[in-house]
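Here is how the chains run, residue by residue.
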Amino acid sequence: MNAHLARNQPYAVALFRMVTGLLFASHGAASLFGVLGGARGGGTVAVGTWPGWYAAAIQLVAGALILLGLGTRAAAFVASGSMAYAYFTVHQPGALWPLQNGGEASAMFCWAFLLLVFTGPGAFAVDSLLASRACGRRSDGDRSQEAVAA
């Protein structure tokens, strides 16, 4: 059983990454564009307002990058930090525990993204495709140089 789970771990991490990225990007899209119910109470966040608009932009961009598996570790690091900031500046002053201060989503996103910093993107990441293509090009270049040398 453990061998089967270990063999499928990259696929589970990929699914976790994609769902978490999609949910995070959805929060940003709702705040920036008013879709999916909009920002709190409907509508959008005014452009350039601190910290709401910047948080929404980070959510949309980092969420999309994480969903695609493009620069996952860096995007997850930024996303985790933004959620830690949101928790400690918006929620934590109201009460100590996330259940009491409404910060469950911020806390969960923060820890989920921190986990992705350490695990990486798993399977089906754009980064993997780009890396394999780069290796393929290097291999072709090496072969052509070998042919010239011969």
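This text follows the structure it describes.
Summarised in this report is the structure supplied together with it. Remember, it's a predicted structure, so these values are computed and weren't measured experimentally. (Residues numbered from 1 in each chain as written. Predicted model: local features only at pLDDT ≥ 70, side-chain atom pairs only at ≥ 80, totals over all residues. Heavy atoms only, no water.)

## Details of the environment of S82
Among the structural elements, S82 can be located in helix α4 (residues 72-91). Sequence-wise, S82 and C135 are 53 residues apart; in three dimensions their C-alpha atoms are separated by 34 Å. With residues near it in sequence (within four places) discarded, S82 still touches F24 and I58. (Helix = DSSP H or I, 4+ residues; strand = E, 2+ residues; numbered from the N terminus. Contact = heavy atoms within 4.5 Å.)

## Some details on the nonpolar core
Counting residues in hydrophobic clusters, the biggest one holds 14 residues, and the most contacted among them are F24, I66, A76, A79, M83, F113 and L116. Every element with two or more residues in this core is listed here: α2 (9-33), α3 (52-68), α4 and α6 (104-119). A76 has contacts with I66, F113, L116 and V117, leaving out every residue within four places of it along the chain. (Core = buried A, V, L, I, M, F, W, Y, C linked by side-chain atoms within 4.5 Å. Buried < 20%, exposed > 50% of the residue type's maximum accessible area, 1.4 Å probe, protein only.)

## Details of a nonpolar patch on the surface
A contiguous nonpolar surface patch, about 280 Å² in accessible area, is contributed by L15, V19 and L23. Tracing the chain through its elements places L15 in helix α2. Judged by its relative accessible area of 54%, L15 falls in the exposed class. (Patch = residues over 30% accessible without salt bridge, like charges linked within 9 Å, V, L, I, M, F, W, Y side chains within 5 Å. Areas by Shrake-Rupley, 256 points an atom, 1.4 Å probe, with all protein chains shown as cover. Salt bridge = Lys/Arg side-chain N within 4 Å of Asp/Glu carboxyl O.)

## Considering the side chain of R17
Examined against the element boundaries, R17 turns out to sit in helix α2. Of the side chains with opposite charge, D127 lies nearest to the buried R17, which makes no salt bridge, at 8.2 Å. Reaching out from R17, the side chain makes a polar contact with the backbone oxygen of P121 at a distance of 2.7 Å. A distance of 2.9 Å separates a polar side-chain atom of R17 from the backbone oxygen of A123. Contact partners of R17, with chain neighbours within four places excluded, come to I66, L67, L68, G69, T72, L116, P121, A123, F124 and A125. (Lys, Arg positive; Asp, Glu negative; His and termini not counted. Polar contact = N/O pair within 3.5 Å; in protein donor to acceptor, adjacent residues only side chain to side chain.)

## Focus on unusual backbone geometry
Backbone torsion omega between W50 and P51 reads -10°, so that peptide bond is classified as cis. Structurally, P51 can be placed in the loop between α2 and α3. In this model, L36 sits at a positive phi of 55°, which is unusual for a non-glycine residue. When its relative accessible area of 67% is taken as the criterion, L36 is described as exposed. With a phi close to 60°, F124 is a non-glycine residue in the positive phi region. Tracing the backbone through its elements, the reader meets F124 in the loop between α6 and α7 (126-149). A relative accessible area of 60% places F124 in the exposed class.

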